[in-house]
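Each chain is listed here by its residues.
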Amino acid sequence: MQPSSTSAAVLAAEPARDGVPAPAMRPGPTSLSIWLLLGAAIAAIAAFGFAVSDPFIVTLAGYTCAFALFALSINIMLGGIGEVPLGQCVFFGIGAYGVGIGMVKLGLPFELSVAAALVISVAAAAALGALTLRLTGAYFSIVSWGLSGVAMVAATNLESLTGGPLGLFGFSALSVGPVLLTDPQSYFFVTASLLVAAVLFLVAVRRSPFGAAMESVRQNRHLAQSVGVDVTRVRLKAFMLSAPLAALGGALCVPYTQIVTPEVFSVANTVDGLLMVLLGGSQLIVGPVIGAVIFSIIPHFLELDPNVRILIFSSAIIAIMMFAPGGLHQLAVALRQRLRRDGHA
Amino acid sequence: MELLLQTIVNGVVLGAGYAVVAVGLTLIFGIVGIANFAHGAYFAIGAYGCYLLTGQGLSYFLAVPVAVLIVAGIGVITELAIVRRSLYGDAHHGSLIVMFALGQAIIAALILLFGPDPHPVPSPLGQTTFNVFGILVTAQRAFIFGCSMVVLAAFGLWLGFTVKGQQIVAVAQNARGALYSGINVPMIRTLAFVLGVAAAGLAGALLAPIVTAYPTMGHGALIVGFTVVILGGMGSISGALLGALLMGVANALFETYVSVSWTPALGWILVIATLLLWPQGLRGRAQLHRH
């Protein structure tokens, strides 16, 4: 279950379970298990990248990793401070258009375009956050959704910059240094290693004092304020942290899509990312990654009509929110606890 | 001068359509306490209901109320099966996501049932236009305007002067207090939700002859509904009317005098400006947090 959002949860440490004193910080994986998981992840990535030869599957896996970065960004807002950022696709689009405009219009190399897009996304998050983060709940979601609508209208109308409704295409050399991103294997390795780096970074963030402050804001922002957490500042910092991750995801999707259209600002992208987060569980750092893998594998093997896919996944979301708001992670934890209880009995 | 007057009249008539969408949203937000992201889907169901019924040979004027009843029926089912079971007592992000997913699911189901193409809905009012002192209004638009005013007035009077209406107001003000004084709060919330989505269905049925029925037609209506409701103040019926008329006139003026292609961005810019200047909207009352 979700930790109770009562005042005690913020002030006191986790209550002791089974007579064992709990650590002072919220329970997280120990350092050893993180290194083990990291090793396993790297081994899995290497095994997958070298063993699977079907270029389509490998490219799809690379795209999944890129989109998982976007899902991680959404989860900084959802799992981190408890807002539903329907407009997070704005930053996804900034990343994609950063690559598009940088390479096609300005003739910059890929790396430089991505770097510029990341900087712009942080600046945009600072400006938009200062305006919209004073709103919470439904108001924030609606306005953030609206901003993505404005971005889509702007991308459609500013034809000289964005290529209008047709979008930008005709990329020359999509490469990071000597590594060519149009090669499926290297595309997968680049996106997968960036994803691992992002997850490690988020683990470090969650363990930092800032991570604790974010958690206190999510659980009860009035109480957090009263014990001296600068809530406005924490929310803004979380937003500015989430933006470059989304932009990186958007930029890394370009080698797969090979075109940037105003559709990147569509709220449908955010919805896909939200689905990934909710499937995997918003309170687990790698939850969005697990969700992204499930989300892209199932439709591929079932060859579903996109509308059937939306119907199934939307119904799944409703069921998850009704019966297991913590996602698959929560189901796994519940299962483990039941097994352990049976073992003791 | 003629153009300006014609534009303003167009805007007011457009706004009357928005008002019916917005009044349902504002009712659900005020009483049930959720932002109904599935509102656009009920709007589309209303339009499709009208399309199916007129296709069976039913007169348009009969098809509209029957379509509204169908939407209300679906509203009852979704309220009992999903909304009440997953949302009450849950003030955080859960309700947003569930309603959003519900809307997506209904729209996907509509595409699978009827295909993605728009279906024309015939109206006996057809292309008839009135000419009042040189200002043109189509009969269908005038009909929408009339229905909208009747519905809004009925809502206002019902909330103000009937026992059920007063119970709804009581639940909106203080659900726990209402419960303690013997009001059946879950029933009142179901009633408010069903009335709200029925209003969305009515708006869909009324607008269908103009915009045709297509699965994603509710997206635009939902966005406009939210902008109107935020502009007017969440939970206020007079605010919904005021916001809708303002939004309609602003859109019409902007479209005529500035730019058609940038018009979709205007509503959001107005909303953001409103929230910065008057955080409660034009006619909203200060909202207490329900945690």
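One structure accompanies this document, and this report is about it. (Residues numbered from 1 in each chain as written. Chains lettered and ligands numbered in written order. Predicted model: local features only at pLDDT ≥ 70, side-chain atom pairs only at ≥ 80, totals over all residues. Heavy atoms only, no water.)

Next up on the list: the overall build of chain A. Scanning chain A from terminus to terminus reveals 15 helices and four strands. Since a compact globule built from 345 residues should have a radius of gyration of about 20 Å, the 20 Å found for chain A is in line with a globular shape. The proportion of buried residues among the 345 residues of chain A is 50%. When contacts within chain A are restricted to residue pairs at least 6 apart in sequence, long-range pairs at least 24 apart make up 78% of them. Carbon and sulfur atoms make up 70% of the accessible area of chain A, which amounts to about 15500 Å² in all. Chain A carries 16 positive and 14 negative side-chain charges, and their two centres are separated by 14 Å. (Helix = DSSP H or I, 4+ residues; strand = E, 2+ residues; numbered from the N terminus. Rg over C-alpha atoms; globule rule 2.2 N^0.38 Å. Buried < 20%, exposed > 50% of the residue type's maximum accessible area, 1.4 Å probe, protein only. Contact = heavy atoms within 4.5 Å. Areas by Shrake-Rupley, 256 points an atom, 1.4 Å probe, with all protein chains shown as cover. Lys, Arg positive; Asp, Glu negative; His and termini not counted. Charge placed at Lys NZ, Arg CZ, Asp CG, Glu CD.)

At the interface, 37 residues of chain B touch 37 residues of chain A. Buried surface at the junction of chain B and chain A, summed over both partners, amounts to about 3400 Å²; 83% is from carbon and sulfur atoms. Our count for the chain B to chain A interface comes out at zero salt bridges. Scanning the region where chain B abuts chain A turns up one residue pair in polar contact (both at pLDDT 80 or more). For the side of chain B that touches chain A, the elements supplying multiple residues, two or more each, are α3 (60–87), α4 (94–114), α9 (217–232) and α11 (263–277) of chain B. In terms of residue count, the dominant contributor to the side of chain B that touches chain A is α4(B) (13 residues). Among the residues making up the side of chain B that touches chain A, the classes are represented as 29 nonpolar, seven polar and one charged. (Buried area = accessible area lost by both parts, 1.4 Å probe. Salt bridge = Lys/Arg side-chain N within 4 Å of Asp/Glu carboxyl O. Polar contact = N/O pair within 3.5 Å; in protein donor to acceptor, adjacent residues only side chain to side chain. Nonpolar A, V, L, I, M, F, W, Y, C, P; charged D, E, K, R; others polar.)

Once that is clear, we can look at helix α2 (residues 39–55) of chain B. Residues and elements named next belong to chain B. In this model α2 runs 25 Å from its N-terminal to its C-terminal C-alpha over 17 residues, within 8% of the 24 Å that 1.5 Å per residue would give. For α2, the tally of buried residues reaches 14 of 17 residues, placing the bulk of the element in the interior. Just downstream of α2 lies G57, where phi reads positive at about 95°. (Expected span 1.5 Å × (residues − 1).)

A few words on the environment of A:G129. Residue and element names in this part refer to chain A. Along the chain, G129 turns up in helix α5 (residues 110–132). You can call G129 buried: its relative accessible area is 3%. The contacts of G129, once residues within four sequence positions are left out, are A124, L236 and F239.

Residue and element names in this part refer to chain B. In this model α9 runs 23 Å from its N-terminal to its C-terminal C-alpha over 16 residues, within 8% of the 22 Å that 1.5 Å per residue would give. The buried count for α9 comes to 13 of 16 residues, which makes it a mostly enclosed element. One or two residues past the end of α9 sits G233, with phi positive at roughly 105°.

Take the pattern of salt bridges next. Residues and elements named next belong to chain A. Scanning all chains against the criterion turns up two salt bridges over all chains. One salt bridge connects E83 with R235, and the closest N-O pair in it is separated by 2.9 Å. One end of the pair, E83, is in the loop between α3 (55–81) and α4 (89–105); the other, R235, is in helix α11 (residues 231–257), with 152 residues separating them in the sequence. One salt bridge connects E215 with R218, and the closest N-O pair in it is separated by 2.9 Å. Here the residue E215 and the residue R218 both occupy positions in helix α9 (residues 209–219), the gap between them amounting to three residues, near one helical turn. Note on accessibility: E215 and R218 belong to one class, buried.

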